[in-house]
Amino acid sequence: MKVSKKVAGVEYAIRDIVLAARKVQQKGMQVDYLNIGDPVQFGFQPPDNVKQALIDAINNGENYYSTSEGLLELRQEIAKKENAKGLSISADEILVTNGVSEGLDMVISSIVEEGDEVLLPGPYYPPYASYVRLHGGIPVEFAVDLDNSTPDIEDIKSKITSKTVAICLISPNNPTGVVFNEKSLKELVDIANQHNLYIICDEIYDQIIFDEKFVGIGKVAGDSPVIVLNGFSKVHLMSGWRIGYIAFNNSPKLDAIRENLPKLARVRIATSLPVQHAALESLRGPQDYISNFVTEIKKRRDLVVKRLNEMPGLSCPNPKGAFYAFPKIEDNRFGTDKEFVTKLLESKGVLTVHGSGFGEKYGSGHFRLVYLPSLEVLDSAMNKIEEFVRQ
């Protein structure tokens, strides 16, 4: 039977690699899962008041379809959050989604047609390229200096063509932990304005920052066509509840997409109403759990980066945000990055993700690991990786 050729371009290396791990487990080896960036799976739970808000919403009968754009009170609180980061928008510029992934799909399907090009930071989070391909577009990677957390502006300029429709940013970045500073964001916005391009900025890790203050793109957006993607999976520890949002900057250039994209929200009906009440509580309630979470994650980052940089044949930039390390494999005796990851899994039971799964051009020759597990688990995993690279 026929299968659409578009689906052939859909990849998600982060979860695809799990199939190999299951085979290793079936042989009796314990596997350290360092592949998926889900804080909740590593013991970081949403606070009790947020859990209770979900339970109360269910018990109070809030179990029907919400409005397609999302609960008004929640959109108002999201607008406050985004305005505090620099935007100047109202609840009308917010659309609540089933996670950032659905929001990304809605945005890409609204702006990409056959042959259109979308610039992605190399390396990038895999769904960006997959959704672009799914909708007939072509993902184009641009270079990023991982050591200095800066985009290569000249490389971006050289890759803009008559087919380019958008520049995507992920800051803090998955998989590298790169965080763009205000100067870089302003340069990117200026380029987008010069070429009449959308800027799509994913800020899902916006409060998981270690060494510097986070600057959101809203601070430099002005009246540019900026679309922000964000959600509650990472900072607010609500990954399994699947809730995110799209925030449209108050730009006249976004009038058409503001009018048409909500049609997609209506087609898919709504986001879970009880979960929206929980998200509302996560914004209104105490926020101290976030700083406690980040403090714990920073300890893990420091351990992992130190250990990786002490290993022969590996080097690792210091991630400025999120919870991923992206070491470079400098010793070619291991073969490709995918072969490195596969051999590490099969010989030591440590599951990471091959860098080329985040883009062939700039991801190849690296691997990504998550530093969310406990310090004890991470230290043990680092011992196994070190044994592997020294053997």
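- The name an unreviewed UniProt entry gives the protein chain is Aminotransferase, with Candidatus Nitrosopumilus koreensis AR1 as the organism.
- Here the protein chain is described in UniProt, under the heading Sequence similarities (unreviewed entry), as follows: "Belongs to the class-I pyridoxal-phosphate-dependent aminotransferase family."
- Per UniProt, the protein chain has the following entry under Cofactor (unreviewed entry): "pyridoxal 5'-phosphate".

### Focus: the overall build of the protein chain
Thought 1: Looking only at helices and strands, one finds 15 helices and 15 strands in the protein chain.
Thought 2: Projected onto the principal axes, the alpha-carbon positions of the protein chain cover approximately 60 × 55 × 55 Å.
Thought 3: Expressed as a percentage of the 391 residues in the protein chain, the buried residues total 59%.
Thought 4: Long-range contacts, defined as pairs at least 24 residues apart, comprise 75% of the intrachain contacts of the protein chain with a sequence gap of at least 6.

### Describing the pattern of salt bridges
Thought 1: According to the stated counting rule, one finds 27 salt bridges in the structure shown.
Thought 2: Among the salt bridges present, the one from Asp 155 reaches Lys 159, with a minimum N-O distance of 2.9 Å. Linking Asp 155 with Lys 159, this pair stays in helix 7 (residues 153-159), spanning four residues, or about one helical turn.
Thought 3: Looking at Lys 159, the relative accessible area reads 17%, which means it is buried.
Thought 4: Counted as one network, the salt bridges with shared partners bring together Lys 81, Glu 82, Lys 85, Glu 203 and Asp 206.

### Some thoughts on the sheet that holds strand 9 (residues 244-248)
The strands making up a sheet associate through backbone hydrogen bonding, with each pair oriented either parallel or antiparallel.
Thought 1: The mixed open sheet is built from eight strands, whose spatial order is 2-9-8-7-6-3-4-5. Where the open sheet ends on each side, the last strands, each with one partner, are strand 2 (94-97) and strand 5 (150-151).
Thought 2: Lying over the sheet, helix 8 (residues 182-195) contacts strand 5, strand 6 (164-170) and strand 7 (198-202), oriented at roughly 170° with respect to strand 6.

### Topic: unusual backbone geometry
Thought 1: Following Gly 122, the chain continues to Pro 123 via a peptide bond in cis, the omega torsion being 0°.
Thought 2: For Ser 149, which is not glycine, the phi dihedral falls at a positive 55°.
Thought 3: Secondary-structure assignment places Ser 149 in the loop between strand 4 (138-145) and strand 5.
Thought 4: Ser 149 sits in the buried class, given a relative accessible area of 3%.
Thought 5: The backbone phi angle of Ala 322 is positive, close to 65°, even though this residue is not glycine.
Thought 6: On the secondary structure map, Ala 322 appears in the loop between strand 10 (314-315) and strand 11 (324-325).
Thought 7: Ala 322 gets classed as buried once you look at its relative accessible area, which sits at 0%.

### Details of the UniProt feature "domain: Aminotransferase class I/classII large" (unreviewed entry) in the protein chain
Thought 1: According to UniProt, the feature "domain: Aminotransferase class I/classII large" (unreviewed entry) maps to residues 34-384 in the numbering used here.
Thought 2: Helix makes up 41% of residues 34-384 and strand 16%, and the two end C-alpha atoms of the span are 13 Å apart.

### Some words on empty space enclosed by the protein
If a probe as big as a water molecule is rolled over the atoms, it shows which places are left empty.
Thought 1: Per the stated rule, a full pass over the model turns up one cavity of 30 Å³ or more.
Thought 2: Each pocket or cavity is described by its volume, and for the largest cavity that value is around 40 Å³.
Thought 3: Lining the largest cavity are Pro 121, Gly 122, Pro 123, Val 144, Leu 146, Ile 170, Asn 173, Thr 176, Val 178 and Phe 180.
Thought 4: Grouping the constituent residues of the lining of the largest cavity by class yields seven nonpolar, three polar and no charged.

### Remarks on the environment of Gly 365
Thought 1: Its place among the elements puts Gly 365 in the loop between helix 14 (360-363) and strand 15 (367-370).
Thought 2: Considered as a pair, Gly 365 and Lys 234 are 131 residues apart in the sequence and their alpha carbons are 27 Å apart.
Thought 3: When residues no more than four places from it in sequence are discounted, the contact partners of Gly 365 are Pro 327, Lys 328, Ile 329 and Asp 337.

### What to know about the pairing of strand 7
Thought 1: With four of five residues buried, strand 7 is to be regarded as a mostly interior element.
Thought 2: Sheet topology places strand 6 next to strand 7; five bridges connect them, and they run parallel. The partner of Ala 166 across the bridge, within strand 7, is Tyr 198.
Thought 3: Regarding the hand of the β-α-β motif, the stretch spanning strand 6, helix 8 and strand 7 is right-handed.
Thought 4: For strand 7 and strand 8 (residues 226-231), the ladder comprises four bridges, and the chain directions are parallel. Bridge pairing links Ile 199 to Val 226 in strand 8.

Reading the values: the criteria
- Residues numbered from 1 in each chain as written.
- Predicted model: local features only at pLDDT ≥ 70, side-chain atom pairs only at ≥ 80, totals over all residues.
- Heavy atoms only, no water.
- UniProt positions renumbered as here; feature names shortened; annotations may be inferred.
- Helix = DSSP H or I, 4+ residues; strand = E, 2+ residues; numbered from the N terminus.
- Buried < 20%, exposed > 50% of the residue type's maximum accessible area, 1.4 Å probe, protein only.
- Contact = heavy atoms within 4.5 Å.
- Salt bridge = Lys/Arg side-chain N within 4 Å of Asp/Glu carboxyl O.
- Pairing = 2+ DSSP bridges.
- Axes fitted to C-alpha atoms, helices over the stretch in contact; angles between N-to-C directions.
- 1 Å grid on protein atoms, 1.4 Å probe; cavity = no way out; pocket = protein on both sides within 12 Å on 5 of 7 lines; lining within 4 Å.
- Points joined across faces, edges and corners; volume = space filled by probe spheres on them.
- Nonpolar A, V, L, I, M, F, W, Y, C, P; charged D, E, K, R; others polar.
- Right-handed = clockwise from strand over helix to strand, strands pointing away.

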